[in-house]
Amino acid sequence: MARSVTRRALLTTASLVAFDAVVHAERSQPWRVGLVTSGQGDRIIGWFREALEAKGYREGKDLVFELREAKGHYALLPHLVEELVALKPDIIIAEATPAIAAAQRATSTIPIIMAPSIDPIGSGFVRSFAKPGGNITGVANMFGDLTAKTLDIIRLLFPKVRKIGVLTSNNPTHPALADVAVRSADVIGISAQRFVAPNPEDVEKAFADMQAAECEIVYVLADPPRRSLPSIALKYRLPTVYQVTNYPDLGGLMAYGPDIKALFVLAADYVDRILKGANADLPVEQPTKFQFVINLQTAKALHLAVPEQVLLLADRVIE
């Protein structure tokens, strides 16, 4: 019996090797992977390179990346996606809801990987998490579900806060997220007002408006990071809390949300499976890792004493 099992295993392994050799022999060109980001793509494309390299892909030989960046100017996305589609990529990775929406309008045949989406069902990208039902699948990020907990953390760090400003962009998911933030703040006795900075160059005016409106704290809703935002927040002496956990590394005070790098590593799994023959009806996945990050250098610059209770909650402290 042992001899039979061993022979079968050897035959199976040989068949897989032969199949892989045939696939590579038939494909004379590397896979073309389009990556369109609503923000900037340097860090993201690095994560994808690392994750796909770990799966055995060699950039330039097995695949090539085509990167398009909106850098926070979402009106550019339709044109950027049209450029990608014209290159006939094998797959498109779209970062954040504005880019996913532009990709959805541009093609119904090229597989699109959401990396990530705030509300893929409500945005009309998929029919359900289990059965997306089209050419779009990927990762959701659960930011809406985390808002109430984030406001509880704000209350711990700022027990006397009376009013917060909720900073949004032209991201189509932000009005609903801002409503959740306003309602959640009201439950714990905090007034919340929404302010809109459509493009990165509008951020400073929004902070000036929040300061004039006597907001004591700013809560920034999820978007690809606007890198000037932490320095502007410090300039206006407004403690700022973020949904995207990259911000404390850029000088932001604190953030609570999913592990952003882990979301892109998970998206790379979708790229791998689809390039190996899976269709785009793979179930949408949600994050399992969440982080609360505090930058104590920024707290010191703002003359904030962070309570021990809050420090104990932190997954990562930047000192």
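Quantities reported herein were computed from a predicted structural model and do not represent experimental measurements.

(A) Spotlight on the pairing of strand 2 (residues 63-69). Summarising the sheet, strand 1 (residues 31-37) and strand 2 pair through seven bridges and their orientation is parallel. Bridge pairing in strand 2 places Val36 opposite Arg68. Chirality of the crossover, the property in question, places the unit of strand 1, helix 2 (residues 42-54) and strand 2 among those that are right-handed.

(B) Region of interest: the confidence of the model for the chain. Across the chain, pLDDT averages 91, with 92% of residues at or above 70. The model gives residues 1-25 a pLDDT under 50, and that stretch makes one contact with residues more than four places away or in other chains.

(C) Quick look at the nonpolar core. Counting 79 residues, the largest nonpolar core has Phe48, Ile164, Leu167, Phe207, Met210 and Met254 as the members making the most contacts within it. If you tally residues by element for this core, the top one is helix 9 (residues 260-275), at 10 residues. Those residues in contact with Met254, other than ones at most four positions away along the chain, are Ile153, Ile154, Leu157, Thr240, Val241, Tyr242, Pro248, Phe292, Val293 and Ile294. Ile92, Phe125, Ile136 and Val284 belong to the second largest nonpolar core, which has 22 residues in total.

(D) Representation of the sheet that holds strand 3 (residues 91-95) in the model. Strands sit in the order 2-1-3-4-5 across an open sheet of five strands; the sheet is parallel. Of all the strands in the sheet, just strand 2 and strand 5 (136-140) have a single pairing partner and so form its edges. Ignoring strand direction, the axes of neighbouring strands in this sheet form an average angle of 20°. Across three bridges, the pairing between strand 3 and strand 4 (residues 112-117) is parallel. Across the sheet, residue Ile93 finds its bridge partner in strand 4, namely Ile113. Running at roughly 180° to strand 1, helix 3 (residues 77-86) makes contact with strand 1, strand 2 and strand 3 of the sheet.

Conventions and cut-offs
- Residues numbered from 1 in each chain as written.
- Predicted model: local features only at pLDDT ≥ 70, side-chain atom pairs only at ≥ 80, totals over all residues.
- Heavy atoms only, no water.
- Pairing = 2+ DSSP bridges.
- Helix = DSSP H or I, 4+ residues; strand = E, 2+ residues; numbered from the N terminus.
- Right-handed = clockwise from strand over helix to strand, strands pointing away.
- pLDDT = per-residue confidence, 0-100.
- Contact = heavy atoms within 4.5 Å.
- Core = buried A, V, L, I, M, F, W, Y, C linked by side-chain atoms within 4.5 Å.
- Buried < 20%, exposed > 50% of the residue type's maximum accessible area, 1.4 Å probe, protein only.
- Axes fitted to C-alpha atoms, helices over the stretch in contact; angles between N-to-C directions.

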